[in-house]
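Below, each chain spelled out in residue letters.
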Amino acid sequence: MKKIIYVDNAATTAMSDRAVEAMSRYFKEVYGNPSSLHTVGQTAKEALDEARASIAKCLNCEPREIYFTSGGSEADNQGIRSAALQGAKKGKKHIISTAFEHHAVLHTLKKLESEGFEVTYLDVHSDGLVTAEQVKAAIRPDTALVTVMYANNEVGTIQPIAEIGKVCREAGVTFHTDAVQAVGHIPVDVKADNIDMLSLSGHKFHGPKGVGALYCRRGLPLLTFIEGGAQERGKRAGTENLAGVAGMAAALGEACENLGKNALYLTRLREKLIDGLLKIPHSRLNGDRSKRLPGNVNMCFEGIEGESLLLLLDAKGICASSGSACTSGSLDPSHVLLALGLPHEVAHGSLRLSLCETNTEEDIDYIISEVPKVVEYLRNMSPVWEELQKGIRKHLI
């Protein structure tokens, strides 16, 4: 059987044994509805409270500041819309974000624009970073919300969240961050980082799919996102996914316990992989090399098309991506890479390799061995590459 090397952990991760074990007892043993007043229900409620407290501890917040959702996208929607609509009540209908947010944020902002809000999309520097100074310069008297992602889901760059949060706190503006790619991989402290709202998703750190959380700082109004019940302190109706919540809490606890060790290991693998792939002529690393997630490598190879690269790598047992799994059906180049200033023809040849702690040195060696062969094969078939080699076109990398 062909060996599979999975390096698409930014899309989703395999569940950890601890998460699976944590979930198992909530299917048959502790199966009650946490809203029920009888013993079985209250046992389930105790388990829900324990999971909430565990997640809060990892983020350095209070348990009652954690609201469970179906994932990061729902948390983004609820947090952003809550802050925007609360601002509108005070006559503030201006929002600040960046051009390379996840589509869960961008589409929510587009919806708000159709409802009369104005959004300023900050330009992203070529290194994949925005600055607190950019945010400060964009804040106006009618600014209701700033939403900037903690770490980019495609190029892995880590934003100066604490500095941005400080600017927002001083200006009295609510600050939300999509931390789906950051939580469980790098230290996240909502108090030290001056964060008012934060979104996370369980399946990004070896927890189950279909469950996430929104942190909302105590005292901030939060709109009721799903009507019909008193769950989540009246802010999200529906019987809680207790097994999913328990699995997410167990996975996050395990990730936070091993944060430093895993980061060191993955950074070493990442650097070896970057060095190996940069030896391919006319290639480039996208995003700042050091201010990035430990396991993220995002490359562009001139003269090829990313989809073909992925299919051929898959045939060799390497499971990777060209960008966000949420837009994998699109033929358009990554909006993230375009925001960094890459030309369309370069952005089309992108490859995202996102590692986790189960990847090995042998995996990296194999990837470094096979990617150049595939790139060369595709270039030999490409009329664009032929024109580049003949000087008819000018190299852009």
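Starting afresh in each chain, residues are numbered from 1 along the sequence in its written order. Whole-chain, interface and lining totals are the exception, using all residues; otherwise, since this is a predicted model, local features are given only for residues with pLDDT of at least 70 and side-chain atom pairs are given and counted only at 80 or more. Only hydrogens and water are set aside when side-chain values are computed; all heavy atoms of the structure are taken into account.

Chemist: Quick one: what's the story with the environment of Asp-193, residue by residue and with numbers?
Modeler: Under the DSSP-based scheme used, a helix requires at least four consecutive residues in state H or I and a strand at least two consecutive residues in state E, with every element numbered from the N terminus. Assignment of secondary structure puts Asp-193 in the loop between β6 (174-178) and β7 (197-201). C-alpha of Asp-193 to C-alpha of Gly-287: the two residues are 94 residues apart in sequence and 22 Å apart in space. Not counting the four nearest positions on each side in its chain, Asp-193 is found in contact with Tyr-150, Ile-161, Ala-162, Gly-165 and Val-188. Should any heavy atoms of two residues lie within 4.5 Å, those residues are counted as being in contact.

Chemist: Can you explain the side chain of Asp-196? Please cite residues and give values.
Modeler: Mapped onto the fold, Asp-196 is located in the loop between β6 and β7. Pairs of N or O atoms are called polar contacts if they sit within 3.5 Å, as long as, within protein, a hydrogen donor faces a hydrogen acceptor (for residues adjacent in sequence, only side-chain-to-side-chain pairs). Polar side-chain contacts of Asp-196 include one of 2.8 Å to the backbone nitrogen of Phe-175. Side chain to side chain, Asp-196 and Arg-217 meet in a polar contact 2.7 Å long.

Chemist: Talk me through helix α1 (residues 17-28); I want residue IDs and the actual numbers.
Modeler: When accessible area is computed with a 1.4 Å probe and restricted to protein chains, residues below 20% of their type maximum are described as buried, those above 50% as exposed, and intermediate ones as partly exposed. Of the positions making up α1, those classed as buried are Ala-19, Ala-22, Met-23 and Tyr-26. Down the axis of α1, the buried set is contained in an arc of 90°. They therefore lie on one face. When the buried face of α1 is taken as reference, the exposed residues oriented beyond 90 degrees from it are Asp-17, Glu-21, Phe-27 and Lys-28. Packing partners of the buried residues in α1 comprise α2 (39-59) and α7 (242-257). The directions considered for the arc run from the helix axis to the C-beta atoms.

Chemist: I'd like to hear about the sheet that holds strand β4 (residues 118-122), residue by residue, with values.
Modeler: Overall, mixed pairing links the 7 strands, which are arranged β2-β8-β7-β6-β5-β3-β4 in an open sheet. Sheet topology places β2 (66-69) and β4 at the edges, where each strand pairs with a single neighbour. Neighbour-to-neighbour, the strand axes of the sheet open up by a mean angle of 20°, direction not taken into account. In this analysis, strands are considered paired if DSSP registers two or more bridges between them. Relative to strand β8 (residues 212-216), β7 is paired through 5 bridges, and the arrangement is antiparallel. Looking at the pairing, Ser-201 lines up with Gly-212 of β8. Each of β3 (94-98), β4, β5 (143-147) and β6 is contacted by helix α4 (residues 103-114), which is oriented at about 145° to β4, the strand it contacts most. For helices, the axis comes from a line fit to the C-alpha atoms of the stretch in contact; other axes are also lines fit to C-alpha atoms, and the angle between any two N-to-C directions lies between 0 and 180 degrees. Of the strands in this sheet, β5 and β6 are in contact with helix α6 (residues 161-171), which crosses β6 at around 155°.

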